[in-house]
Structure formats: structure tokens, C-alpha cells
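Fold and contact review
Residues per chain are reported as follows:
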Amino acid sequence: MEISELERMARQIRLRDLRAVYEAGAGHIGGEMSVIDVLTALYFRVLRLWPDQPKNPERDRFVLSKGHTACALYVTLAKRGFIPEEEISTFLKPHSRLNGHPNCNKVPGVETNTGPLGHGLPVAVGMAKAAKLSGAGYHTYVVTGDGEMQEGSNWEAIMAAAQFKLDNLTLIIDHNRFQQGASLSETNDLAPLRPKLEAFAWDVTEIDGNNMHEVVPALEHRGDRPHCIVAHTNKGHGISFMQDTVDWHHKVPNKEQYEIAVAELSEALQ
Amino acid sequence: MNAPVNSPKLYDCRDAFAATLERLATEDDTIVAVCNDSVGSSKLGGFKTKFPDRLVNVGIAEQNMVGVGAGLANGGRLPYVCGAAPFLTGRSLEQIKADICYSNANVKLVGISSGMAYGELGPTHHSIEDFAWTRVLPNLPVIAPCDRIETAAAVEWAASYSGPCFLRLSRVGVPDLLPEGHKFVLGKANLLREGSDVTLIANGTLTHRMMKAASILAERGINARVLNLATVRPIDEEAIIAAANETGAIVTAEEHSVFGGLGSAVAEVVVDHSPVPMRRLGVPGIFAPTGSAEFLLDEFGMAPSAIADAAQELIRRKKA
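Please read all numbers here as calculations on a predicted model, not as lab measurements. (Residues numbered from 1 in each chain as written. Chains lettered and ligands numbered in written order. Predicted model: local features only at pLDDT ≥ 70, side-chain atom pairs only at ≥ 80, totals over all residues. Heavy atoms only, no water.)

In this section: the overall build of chain B. If you tally the helices and strands in chain B, you get twelve helices and twelve strands. Relative to the globule expectation of 20 Å for 320 residues, the C-alpha radius of gyration of chain B, 19 Å, shows essentially globular dimensions. Expressed as lengths along the three principal axes of its C-alpha atoms, the size of chain B is roughly 60 × 40 × 40 Å. In chain B, which comprises 320 residues, the share counted as buried stands at 63%. If you sum the accessible surface of chain B, you get close to 11,400 Å²; carbon and sulfur atoms cover 52% of it. Positive and negative charge centroids in chain B, built from 29 and 35 side chains respectively, lie 1 Å apart. (Helix = DSSP H or I, 4+ residues; strand = E, 2+ residues; numbered from the N terminus. Rg over C-alpha atoms; globule rule 2.2 N^0.38 Å. Buried < 20%, exposed > 50% of the residue type's maximum accessible area, 1.4 Å probe, protein only. Areas by Shrake-Rupley, 256 points an atom, 1.4 Å probe, with all protein chains shown as cover. Lys, Arg positive; Asp, Glu negative; His and termini not counted. Charge placed at Lys NZ, Arg CZ, Asp CG, Glu CD.)

Here's what the structure looks like:
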């Protein structure tokens, strides 16, 4: 897909995600809006995958370590043909396979179960290491939240990735500057992230993570060491009253707010 | 089957684990060993020499070790993730739950030096909670072999089994109990000695103590049945119910807390299907004092003579 088409797809995914969270009465809308551009670029441009063969050994691997933004992944997988789009309306309903965090044994396209934070990057290191051992050509991508980088297990994995020289691994940190309860800076301020990753011998690229012109080339970058993209994003991106507000970590819009948000995203689509 | 209990030779089951893994890895190039700097204590030195690229040492980082194991399985490798049992299970329990069990990753977790193998090093290094922590998790067979033969059989079985499992190995020497060529069957107890007065159930390093206790009981005119119950989950309900119905009393012994381990697992079956008097021997819910594993097992009432005494006392409580 070309950049303009990716931008249009990202807005459609935002609209469908918004509706799913509104109808379900729950979700993590702020972090979903911040990460959707990265997800869109991955699934519609960068990742080599086959929706009709979700276990093809040569597929690129993607791990959504910030599993609480599962709804955005479900909508993306549906738009990409992994699951039926009409199934999104079952999000969080009893016995739906689309629960609040992705399940790899039920939802095609999901690689590993996430939800507890700090799990996805170690698993992604294992995936990338497996490719090194077998000679497989796939690339592994993992998205974490910025608050999630407070989990010590991530730094264990960062050390290992450098030691194993995993040039087939890309970590995207969705740096929206807010965690559940407050801003990152008020909680445990990891910023700036770049020097910390560089100190662990990673390549680091900083981008505007809500600008497709910067997202795509960063994801397509290849070097000789593990690559970290610090994606500066806005929590609630695309919906004016949600942007950069800690309240919208997992708040659900009321009817009036929903209509405003739909109008804003729809306007941007035209 | 009356297995030998007086075999003078004691074996470290880690040697059987390492030899079997090296043999399997020769035949299957997807096998990798993952460890946390524990090359020596997991006896992976030979593996490292033979397959240097396939030894994935993540350093002292157990959470990452288990996550890496899950990722390696996703990428088509067959990982045996090895580390000292207290750290593999305790430090990484959430990774075991989410990345291995809930994701149903084909990862073999190998807890080395379990129980009180590190007796003198103190309670931080005792792994007497791991049955409780692991057997509550869905999708995870929990297995504690009783000798080198069963260890080799279980390591081989794990390679052919599609799904995760937890192998709980000790470094404390044990005699041979099962016949050479024994084949491991998941969830099946081994009847080591016939008897009708009481049943003694154990696994790991306790099975041979149960056989010795049965010999002592025989001298006292009591016929004790002995079951080796390596698989704590899925548990052999049939053998336990038969033991309850046919012998009317059950003693369990384990290198584990009495809370949540083998004895608890047996009691759950007994109370649901055929309530009979039971006695659960193990560490009585405390942090154990200093001493070798053998000393501590004796200290907590699991010397063969003490097991025999407990069984005799229990028989007196049997229903008429």
C-alpha cells in the first residue's frame, strides 16, 4: 500500500476500534489510537504474511506486547483478512474469542498470548533467535508501551538481543508519554529512551509514530544489530478531546463524545 | 514388580537427563537447550561441546529465559529450558503461566536440583513450592521421576509430546527402581510393590524411601503397596482410587511443602472419590533449617522407619 492508502486505512481502523470500544463499554482506547498507525503500516505494507496460512513458517512475526490494546489488533487483523470483520461486534462478549487481550490459540494471526506487561519482548527475542538457528528469513517485530518499559524483564531481553546480535528484530516503543495512572514523567520517567537503548548496543531511530511518512521507512530499516524505534505518539491520536489525557487510558466515550469522535475521524477520512 | 531397594549404587539423575538430551539432539536438530548461566549445574557441558550453537545461554535472567523459550518454540525449535528449580519456577511463574501454558508453547521446562537438594544453602534455594505453583496451571504436565531410568524415559517422552511440560529433577543420589528400558507413560503410576494393608505413594527422591519403608513394614507383618507417582498432573485417578478401595489407607511423602504438592493432589482424588484415612508427609509449611537434603528428609519424618511408623499408626485409623 502507498502512504496515502495507509493513512486512509489507519483512519478506518480507528473508526472501527472506536465503535467497538463504545459498543462493548470497555477497552483501552487511548493506547489503541496511539499505536494504530504502526499496526497499519506493519500489516498493510511491511509484514510478509499470508492470512489464509497464518502458521506459514516463513511469515514475519509480530507481537503486541501491550496486549491491552488488543481491540486495535483485532480490527487490523479483520481488515487484513485474518478474521471476519463482522466478528469485531463480539469484542468482550461472553465466549467471544476476542477478549481484552489476544489469544494465539483462538485468533489466527496472534503469535503469543500477551496481557501481563513485559512479556512480549523476551518472546520476540526467542523468535528472532530461532530464525538465526534455523536460517529462516523472517523478521520479528514487537510493540511495547513506554510505561511497559518499566518492567525489568524487558531489559533482560534487551541485553540478550544485543548479545545474540539479532539484526532480525525490531522493537517499537509506543512512546505516548502516559501510563494507566499518570504520565510517565510523574511515575517512573524512562525518557529519554534513545540513550538507554544505545547503551545496550541497539540501533535506535526516533520518529513521529503517528506520521506514516516516518513510520514506514523506520519499520523497513535493516542494520547489523537489533533495532529500536522510539515512536513518539499521542495517546488518543485522531480524536481531539482524548489527545494527551491520562483519563483516556481506558475510559469509554459517552454517546455525545462518541458522536464527536466519529465526526472528527470521518472528516479526516474525506 | 518388587524393585531393588538395597542397590548400593546411587545415581545423580542429572546425568541421565544430560545424556538423553545429547542423544535426542543428535537425532533432532531442532532441539535447543536454554539456560540461565547454569551450564554446570544443569550438566549441559557436554551439550555445549557437541552443539555450541544450540545452547542458548541468556545469562542470569530467568523471566527472559522462559519467554525466549516460548519464542524459540514459535520459531520451530524444540527448547529444553533448564535452570535451578526454585528460580525457574518462582522467578518466572508468570512467564510460565502466560507465555508457556496459556499460549500452549511446546517448551520443556526442566527444574534442576529441586526439593531440598541445595539443603545447606537455605530456604531461598529450596524448591519445595514448585508442585503447588505448577500443577495449578492448565496445559502443563508436572513430572518428578524417581530414578535415572525414569528420568531418561521422561526426557525422551517430552521430546515426542506436543506441548509444554515441567520435569522436576533432583541432584540427590537415588538407586535404580524401575527396570532398564522402562517407557514413561504420562499420568500413569507405577506399581512398585503389591500390598493390601496400606498404600505408600511418592515420587522423585522419596520413592526409594517408600520402598525401604515397605520392607520395614513387611518385617512387622504389614503388606504395603507402593506406587511411584511421577506425574502429579494429570494424576492417575484410577490407581489412587484402587489404592483407597483396596488398601483403605494412604501415606504420601514428598520433598515439598505438605501444602499443595503430591499429597494434596492425591488427597483431592481421595476425598472426591473414595475417602479413606491419609497421612501427608513433607515439609510442614515452614522454611526448613540448615542441613543436607538427606538430613532434612529425616528431620521431617521421612526416614524409612518413620514412614513405616506413620503408616502403622494410620492403619489403626482405618474404617472397620
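A few words now on the interface of chain A and chain B. Contacts between the two partners involve 27 residues from chain A and, on the opposite side, 25 residues from chain B. Counting each side, the surface lost to burial between chain A and chain B is near 2,000 Å², with a carbon and sulfur contribution of 53%. Three residues, His119, Leu133 and Glu156 of chain A, lead the burial of chain A against chain B; their summed loss comes to 28% of the area buried on that side. Summed over the shared surface of chain A and chain B, the result is eleven residue pairs in polar contact (both at pLDDT 80 or more). (Contact = heavy atoms within 4.5 Å. Buried area = accessible area lost by both parts, 1.4 Å probe. Polar contact = N/O pair within 3.5 Å; in protein donor to acceptor, adjacent residues only side chain to side chain.)

Mapped onto the present numbering, the UniProt feature "domain: Transketolase-like pyrimidine-binding" (unreviewed entry) falls at residues 11–176 of chain B. For residues 11–176 of chain B, helix accounts for 42% and strand for 16%, while the C-alpha atoms at its two ends are 8 Å apart. (UniProt positions renumbered as here; feature names shortened; annotations may be inferred.)

All names here are of chain A. Applying the stated rule across the entire model yields 29 salt bridges over all chains. Here Glu220 ties to Arg45 by a salt bridge, and the two come within 3.2 Å at their closest N and O atoms. Here Glu220, found in helix H8 (residues 212–220), pairs with Arg45, found in helix H2 (residues 29–46); they are 175 residues apart in sequence, far enough to count as distant. One connected set of salt bridges, linked through shared partners, spans Arg194, Glu198 and Glu206. (Salt bridge = Lys/Arg side-chain N within 4 Å of Asp/Glu carboxyl O.)

Residues and elements named next belong to chain A. Along H8, the residues classified as buried are Met212, Val215, Val216, Ala218 and Leu219. Contact partners of the buried residues in H8: helix H1 (3–24), H2, strand S2 (140–145), strand S3 (169–175), strand S4 (203–208) and strand S5 (227–232). Where H8 begins, the side chain of Asn211 points an oxygen toward the backbone nitrogen of His213, at a separation of 2.9 Å.

Before going further, it helps to spend a moment on helix H1 (residues 13–27) of chain B. Two residues of an α-helix separated by three or four positions point the same way, owing to the 3.6 residues in each turn. All names here are of chain B. Relative to the 21 Å expected for 15 residues at 1.5 Å per residue, H1 spans 22 Å between its end C-alpha atoms, a close match to the ideal helical length. Along H1, the positions that sit buried rather than exposed are Cys13, Arg14, Ala16, Phe17, Ala18, Thr20, Leu21, Glu22, Leu24 and Ala25. Where H1 is buried, its residues contact strand S1 (31–35), helix H2 (45–50), strand S3 (78–84), strand S4 (108–112) and helix H7 (148–160). (Expected span 1.5 Å × (residues − 1).)

Take the sheet that holds strand S1 (residues 61–64) of chain A next. Residue and element names in this part refer to chain A. The five strands lie next to each other as S1-S2-S3-S5-S4, forming an open sheet whose pairing is parallel. Two strands in the sheet have a free side with no partner beyond their single neighbour: S1 and S4. Put simply, the sheet's adjacent strands are angled 20° from each other on average, direction ignored. Note that S4 and S5 share six bridges and pair parallel. Residue pairing across strands places Glu206 opposite Val230, the latter belonging to S5. Against the sheet, helix H4 (residues 120–134) contacts S1, S2 and S3, and its axis sits at roughly 170° relative to S2. Across the sheet, H8 touches S2, S3, S4 and S5, and the angle it forms with S4 is around 165°. (Pairing = 2+ DSSP bridges. Axes fitted to C-alpha atoms, helices over the stretch in contact; angles between N-to-C directions.)

The UniProt record annotates "domain: Transketolase N-terminal" (unreviewed entry) at residues 8–250 of chain A. Its end C-alpha atoms 25 Å apart, residues 8–250 of chain A is made of 38% helix and 12% strand.

If you walk through the whole model with that rule in mind, you get nine aromatic pairs over all chains. For the pair Tyr22 of chain A and Tyr258 of chain A, a centre-to-centre distance of 4.0 Å together with 5° between the ring planes defines the contact as stacked. Linking Tyr22 of chain A in helix H1 with Tyr258 of chain A in helix H9 (residues 255–269), this pair joins segments that are 236 residues apart in sequence. Aromatic pair Phe47 of chain B and Phe51 of chain B: ring centres 5.0 Å apart, planes at 55°, arrangement tilted. The residues Phe47 of chain B and Phe51 of chain B share a single accessibility class, namely buried. Directly above the ring of Tyr138 of chain A sits Arg61 of chain A, whose terminal nitrogen or CZ lies 3.9 Å from the centroid. (Phe/Tyr/Trp six-rings, centres within 6.5 Å; stacked < 30°, edge-to-face > 60°. Lys NZ or Arg CZ within 6 Å of the ring centre and 35° of its normal.)

With that settled, the discussion passes to the sheet that holds strand S11 (residues 250–257) of chain B. Residues and elements named next belong to chain B. Read from one edge to the other, the open sheet built from five strands follows the order S7-S9-S8-S11-S12, with strand pairing classed as mixed. In the strand order of this sheet, the two ends are held by strand S7 (190–193) and strand S12 (278–283), each with one partner. Pairwise comparison of adjacent strand axes, ignoring direction, gives a mean angle of 25° for this sheet. Pairing of S11 with S12 involves five bridges; the strand directions are parallel. Its bridge partner being in S12, Val251 is matched across the sheet by Arg279.

Turning to the nonpolar core, a few remarks are in order. Ranked by internal contacts, the top residues of the largest apolar core, which has 73 residues, are Val125 of chain A together with Ile250 and Val266 of chain B. In terms of residue count, the dominant contributor to this core is H4 of chain A (eight residues). Counting only domains with at least three residues in this core, you end up with domain 1 (11–174) and domain 2 (190–316) of chain B. Of all hydrophobic cores here, the second largest spans 58 residues; its members include Met9, Val21, Tyr43 and Ala72 of chain A. (Core = buried A, V, L, I, M, F, W, Y, C linked by side-chain atoms within 4.5 Å. Domains from an automatic or database assignment.)

All names here are of chain B. Parsing chain B into structural domains produces domain 1 (11–174) and domain 2 (190–316). Listed by partner, the interface residues are 31 residues for domain 1 and 36 residues for domain 2. Of the roughly 2,300 Å² buried at the junction of domain 1 and domain 2 (both faces included), carbon and sulfur atoms supply 60%. Per-residue buried area on domain 1 facing domain 2 is highest for Met116, Ile128 and Arg135; these three make up 31% of the total on that side. In this structure, the connection of domain 1 to domain 2 is made through one salt bridge. Salt-bridge contacts for Glu268 lead to Arg135; the nearest nitrogen and oxygen are separated by 2.7 Å. Here domain 1 and domain 2 share 17 residue pairs in polar contact (both at pLDDT 80 or more) between them. Contributing elements (two or more residues each) for the side of domain 1 that touches domain 2: helix H6 (130–135) and strand S5 (142–143). In terms of residue count, H6 provides more of the side of domain 1 that touches domain 2 than any other element does, four residues in total. Per-class residue counts for the side of domain 1 that touches domain 2 are 18 nonpolar, seven polar and six charged. (Nonpolar A, V, L, I, M, F, W, Y, C, P; charged D, E, K, R; others polar.)

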